[in-house]
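Commentary on secondary and tertiary structure
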Amino acid sequence: MSMPSWAPKPWVLFAFAGALVLLALVPLVNSDAYWHNLFTLTFLSITAALAWNWLGGLLGQVSFGHAAMVGVGGFVAARLQVSSHVPMLVAWGVGGVIAGLYALVWGHPTLRLRGPYFSIATIGVGEATRLICTYWSWLTGGSSGMSIPVHPALKFQLYWYGLGLAALALIASFALRRSPLGLSLLAIKSDVDAAGDVGVSSTRLQDLVLFLSGMTMGICGGFYGSFFSFIEPGDLFGFERSISYVLMGVIGGIGTIAGPALGAIVFIVLQQSLIAHYSQLYLGLYGLFLLLVILFEPLGLVGLALRVMKKPIEEQP
Amino acid sequence: MIDLLFSAVLLAGLYAMMAYGLGIIYGVLRIVNLGHGGMIMVGAYAAFWMHEQFGLDPYLAIVPIAIASFFLGVGMYKLLVKRLPRGAAGGVQSLLLLFAVWLILRNTAYLLFTGNDQTLRTSYSTNSFHVATAYVSWNRLAVFGVAIVVLVGLHLLLTRTYLGKAIRAVAQNPSSCTLVGIPVERVYSVTFGLGTGLAAAAGVLGATLFSFNPGYGSSELLKSFVVVVLGGLGSVPGTALAALILAFVEVFSIKIMPSYLTAAVGFVLLVLVLVLRPGGLFGQRVLG
Amino acid sequence: MKNRTTLLMACALVSVSCNKSSAPKEGQGAAPSGSAASSQGASGDTISIGATLPMTGGESRVGGFYKEGYDLAFEEANAAGGLNVGGKKLKVELKLLDDTSTQATAVSLADRLVSSEKVQFLLGTYSSHLVEAQSVVAEQNHIPYVNGGGGAKEIYSKGYKWLFGLLAPVQLLSSALMEWIGSQQTAGHLPKQVKIAVLWENTAHGKDFREGVDDYVKKHQGCCEVVVDESFELQGKDFGALLNKVKASNVDVMLADAHLSDYITMQRQYVTLGLCHKVLSYGARGSEKQAADALGKEHIAYVLSSVWWNAQLGTAGMTKHFVDLFKEKHGGKVPEWYQAVSYETARALFQAIEKAGSTDREAVRNALASLDVESILPGGKLSFPAASGQQAIYPFVVQQNQPDGSSPIVWPKESASNPGVAPNPACK
């Protein structure tokens, strides 16, 4: 058996594994809980931004409603842990699957819409989900939210869970892009009808990507609940959260493999450095970034980096 | 019952007014203006500011605010929107670009006016009169009246003037317009300005009725979208009818469901309309 | 190729799992070193206290009020030379960050305050869901957390050891209103059985408000009947449909629980719809100057409000001292309950530190748990009873707006300067 032809070059694998090991060892030298937790949250954002990009970048369908799946996954996982004492990882998984299914419920019909129509529909989906779930207190505890019992050591350990999730999401991004499957996706993105003509079953593939994206979002929701021990629908389902994934994805480099991860890191760094004293500035600053990216560098930070290194942008059609 | 009926009709006027700016930009430029909500908010704050500073009545402020916003829209078009491809290919890009504009507008309003809710109070804000058993607010009636005047004016503009005919021609087929010598770019920038001005004017009307903060305009944007998709692009009667439908569904849904969920009705309607009638009630295509 | 990758992945996994098993040790290692630093008093002669408040975002207005209360308490303590801790005078320093009214930020900043800024104690932020999220950080880090911004009972039902709350439960807010209504029924001003519409914002606050009304109705069989029971979304822009429903129901009493902006929007539509009820209240809102400005005082006359504190209580003693101090600093501005509660929140922590005689977290926590002191809050006493999950319990004061623009206290009887008017004489 050998690696498939689309596997990354050995040095890339080495670098990836090396970075993972280094990151896994960071807590040994850092005892500051603030930085520790910030890293954990960054891993979570990286995972979510990558999952958003599967839909936004690979299919070209920009979703303004991805918080809906974070919320569904988060509350299902929390409810399972609180009411039925399901183990944490199982609860995350179930939450993820249900979130993925939920994504299919609204996404399967709306994915037929292209471009802006899909985006607008997702705003509607996100807001409707937020309102209905806030009202539906059986699942979410209503507007007062839900508490998950605090395990003192768990929050610390979640660092490695988060790192693992982010690594998996990065591997999945790579596979989705470079595998034959990824090529079919690219075909769909450029022209749905033509892709259908040459035998790419667009509906099934799109549904698969949608499910994966929704499921990952749901797992992130479950993670989020365990991390904060308290979740509330207004926060988890919020439009601001959906917006943040769009910003991370687009600013990092929509459709690139690792761009959204970079976008997530920059987003968190900027947010944290501004928030204590200039918190009112950061959304506007992000708007400005977004504007510049759209006008001058459609591939975002990744495109910028490639341009600086004078490398051809190989993945782009 | 008769109360609800009046509320629905009066609300529909505001919705039609809000939606028209979005509809005309889409109809001609094939761009979804996500900055629309931001311009509604800007209109509201402009009216508020002029009222606080100069004691100018919001109804008198509509015209100057709409004109200023028209030029703002033209500027936005020439500076930003023009650089992007239009139609299906540029759809997502222009969407994100105008979304960025919205974020910047929100942040600017935040820095200028803080995030607190503001209200615009005039001496007649709370005056009302009887019709049968119902109370009708003068203010709401005035908003309705302005909306009707603006919509009729627009209809005349589009059907009776050279500019209007040019706009409609470009909406149908921009490439042949170039051939017959219609300045397509200028029509685009004027249309974008028109849509922006209408959004700001709708914001002024909204400010006389509701309190607002820098986030104001987001649900207005979505409602506008429902109306546009439902009513057809650029069709004045279609817009009016769709606004009526939305307002009636919203107002009367309280009869059958908890009040809290009525806020979700508009959003659900939006998704349903897009999925079930992607062609709109009047048959235009929105599939890519 | 494949083998090498597997090997690498295995290495990564091993390192992950090794760290996982060492994690609790690490976690425990971090906490004691933190508290060791704090028991020495960090930087010698100042006590460092951290807090976040919503200075921007949805709750920014109230955040600003809370800051005024905190600032006043800290200035006062430092002007007196600091706190008297075990015979030594220690100054207090407030490290205040903006949590932007969002939960993740509130938690992250609390983390930052505790682990990077090494604060020794935490004061709370405003609004229940932010307090509830932050209280987890306090519990994990074993650091006393005193808040004046979380009134929802649920926060205190989890058996948290390090959490102390100064806002009395919101249920008492609405039951105080109901008690006044009951007194008016007894006096024959209101019908024997009143029909009530309860409209509550769908938040923890609103839910508790509704529960308080329900509790009262259950306890007083036949006094009243809840005919309309509806929730609405926070920062709703249009309450027309909801108010039409109230109108159709012909109730005697409308009780709403709303934020200031929703109160203003709703009351404006209420007036234009020609509604008028024998009794009308917006929960804790009603007497604010902003409302009078936005609506005109003739349109808020006879509105009842039930609050945690009012400056009219400041006729003597320490309450008067607080009111005078605040007015002096803010050019005659009269403090509202926000500033009073936050001022008292900081003072509760100060008193506990002095009582403990040290800055040891455990000692201060115990001092807070057994605190029983004189206070500017209604009832004049402050304690954090274990029975209510360390949430302070005290009576609410009910005020009623008068046509002349004043809002005298009408309930409880012992603080009332005016019996209140019912039914609303302005209704035709």
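In every chain, residue numbers begin from 1 and rise along the written sequence. Whichever chain is written first is A, and whichever ligand is written first is 1; the rest continue in order. In view of the model being predicted, local features appear only for residues whose pLDDT reaches at least 70, and side-chain atom pairs are presented and counted only at 80 or more, with totals across whole chains, interfaces and linings using the full set of residues.

The next thing to look at is the overall build of chain B. When you go through chain B residue by residue, the secondary structure sums to 11 helices and 2 strands. Note on conventions: DSSP H or I runs of at least 4 residues are helices, E runs of at least 2 residues are strands, and numbering of each starts at the N terminus. Starting at the N terminus, the α and β elements of chain B follow one another as α-α-α-α-β-β-α-α-α-α-α-α-α. A globule of 288 residues ought to have a C-alpha radius of gyration of about 19 Å, and chain B, at 19 Å, matches this closely. Across its three principal axes, chain B shows a C-alpha extent of roughly 60 × 45 × 35 Å. Note on burial: count the other C-beta atoms lying within 10 Å of the residue's C-beta; 20 or more is buried, 12 or fewer is exposed, in between is partly exposed, and C-beta positions come from the backbone. Taken across its 288 residues, chain B has 59% of its residues classed as buried. Residue pairs qualify as contacts under a 7 Å threshold applied to their C-beta atoms, which are placed from the backbone. Contacts spanning at least 24 positions in sequence make up 78% of the contacts within chain B whose residues lie at least 6 apart. In this setup the radius of gyration rests on C-alpha atoms only. A globule is expected at 2.2 Å times the number of residues raised to 0.38.

Here the focus is the environment of E344 of chain C. All names here are of chain C. Its location among the elements puts E344 in helix α11 (residues 337–356). With 24 C-beta atoms packed within 10 Å, E344 lands in the buried category. C-alpha separation for the pair E344 and V421, spaced 77 residues apart in sequence, amounts to 32 Å. Ignoring sequence-local partners within four residues, the contact set of E344 consists of G148, L166, S375, I376, L377 and L382.

Time to look at the sheet that holds strand β6 (residues 163–165) of chain C. Sheet strands associate in pairs through backbone hydrogen bonding, adopting either a parallel or an antiparallel arrangement. All names here are of chain C. A pair of strands is treated as paired once DSSP finds two or more bridges between them. Here 6 strands make up an open sheet; going across it, the order is β2-β3-β1-β4-β5-β6 and the pairing mixed. Across the chains shown, the open sheet's two edge strands, defined by having one partner strand only, are β2 (83–85) and β6. Averaged over all pairs of adjacent strands, the angle between strand axes in this sheet comes to 30 degrees, irrespective of strand direction. Of the pairings in the sheet, the one linking strand β1 (residues 46–53) to strand β3 (residues 88–98) comprises 8 bridges and is parallel in character. Paired with S48 across the strands is E93, a residue of β3. Convention adopted: a line fitted to C-alpha atoms gives each axis, helices being fitted over their contacting stretch, and angles between N-to-C directions are expressed from 0 to 180 degrees. Contacts from helix α3 (residues 103–116) reach β1, β3 and β4 (121–123) within the one sheet, and its direction differs from that of β1 by about 170 degrees.

The next thing to look at is the pairing of strand β8 (residues 224–232) of chain C. Residues and elements named next belong to chain C. Both strand β7 (residues 194–201) and β8 contribute to a ladder of 8 bridges, which runs parallel. Looking at β8, one finds that W200 is bridged to S231. By convention, a crossover is right-handed whenever its connection, traced from the first strand over the helix to the second and viewed with the strands pointing away, goes clockwise. Each parallel crossover has a hand, and for β7 linked through helix α6 (residues 204–219) to β8 it is right-handed.

Mean pLDDT over chain B: 86, with 94% of residues reaching 70 or higher. This complex was scored by the predictor with a pTM of 0.87 and an ipTM of 0.87. The pLDDT value tells you how sure the predictor is about a given residue, anywhere from 0 up to 100.

A few words now on the packing of helix α1 (residues 2–29) of chain B against helix α7 (residues 240–249) of chain C. For the pair α1 of chain B and α7 of chain C, interaxial distance at closest approach is 10 Å and the crossing angle is 170 degrees. As far as their axial angle goes, α7 of chain C and α1 of chain B are roughly antiparallel. The residues of α7 of chain C that touch α1 of chain B, namely those facing D3, L4 and S7 of chain B, are G240, A241, N244 and K247 of chain C. Three classes are used: nonpolar for Ala, Val, Leu, Ile, Met, Phe, Trp, Tyr, Cys and Pro, charged for Asp, Glu, Lys and Arg, and polar for all others, with Gly counted as polar. Among the residues making up the contact of α1 of chain B with α7 of chain C, the classes are represented as 2 nonpolar, 3 polar and 2 charged. Note on terminology: angles under 35 degrees are roughly parallel, angles over 145 are roughly antiparallel, angles of 65 to 115 are roughly perpendicular, and the others are oblique.

This part takes up unusual backbone geometry. With an omega dihedral of -5 degrees, the bond running from W411 of chain C to P412 of chain C counts as a cis peptide bond. Mapped onto the secondary structure, P412 of chain C falls in the segment after β15 (409–411). Residue P423 of chain C is reached from A422 of chain C by a cis peptide bond, and omega for that bond is -10 degrees. Inspection of the secondary structure assignment puts P423 of chain C in the segment after β15. The backbone of S229 of chain A shows a phi angle near 60 degrees, a positive value even though the residue is not glycine. Counting through the fold element by element, S229 of chain A comes out in the loop between α10 (202–228) and β2 (230–231). Residue S229 of chain A is classed as buried on the basis of its C-beta count, with 24 C-beta atoms lying within 10 Å. The phi angle at R30 of chain B is positive, at roughly 55 degrees, despite the residue not being glycine.

All right, on to the interface of chain C and chain B then. Facing 28 residues of chain C, the contacting portion of chain B comprises 23 residues. Looking at the side of chain C that touches chain B, the elements with two or more residues in it are α2 (60–79), β8, α7 and α8 (260–272) of chain C. Residues that form the side of chain C that touches chain B fall into these classes: 7 nonpolar, 13 polar and 8 charged.

Attention shifts here to the sheet that holds β15 of chain C. Residues and elements named next belong to chain C. Spatial ordering of the open sheet is given by β8-β7-β9-β10-β11-β14-β15, a layout of 7 strands whose pairing is mixed. Looking along the sheet, the strands with just one partner apiece sit at the ends: β8 and β15. The mean inter-strand angle of the sheet, taken between neighbouring strand axes irrespective of direction, is 25 degrees. Here β7 runs beside strand β9 (residues 253–257); their pairing, made up of 5 bridges, is parallel. Of the residues in β9, the one forming a bridge with A197 is M254. Sheet contacts for α7: β7, β8 and β9; angle to β8, the most-contacted strand, approximately 170 degrees.

Attention now moves to the nonpolar core. Residues and elements named next belong to chain B. Buried Ala, Val, Leu, Ile, Met, Phe, Trp, Tyr and Cys residues form a nonpolar core when they are connected through C-beta atoms within 7 Å. Core analysis: the largest hydrophobic core is formed by 346 residues, its most contacted members being Y15 and A16. It is α1 that provides the largest number of residues to this core, a total of 19 residues. Beyond its immediate stretch of four places on either side in the chain, Y15 contacts K223, V227, A243, L246 and A247.

With that settled, the discussion passes to the packing of helix α4 (residues 88–110) of chain A against α10 of chain A. Residues and elements named next belong to chain A. Where α4 contacts α10, the two axes come as close as 6 Å, and the packing angle between them is 140 degrees. Taken together, the axes of α4 and α10 are oblique relative to one another. Here α4 and α10 pass one another in a crossing that is right-handed. In terms of residue class, the contact of α4 with α10 is made up of 15 nonpolar, 11 polar and 1 charged. We call a crossing left-handed when the near helix sits turned anticlockwise from the far one by less than a right angle, and right-handed when that turn is clockwise.

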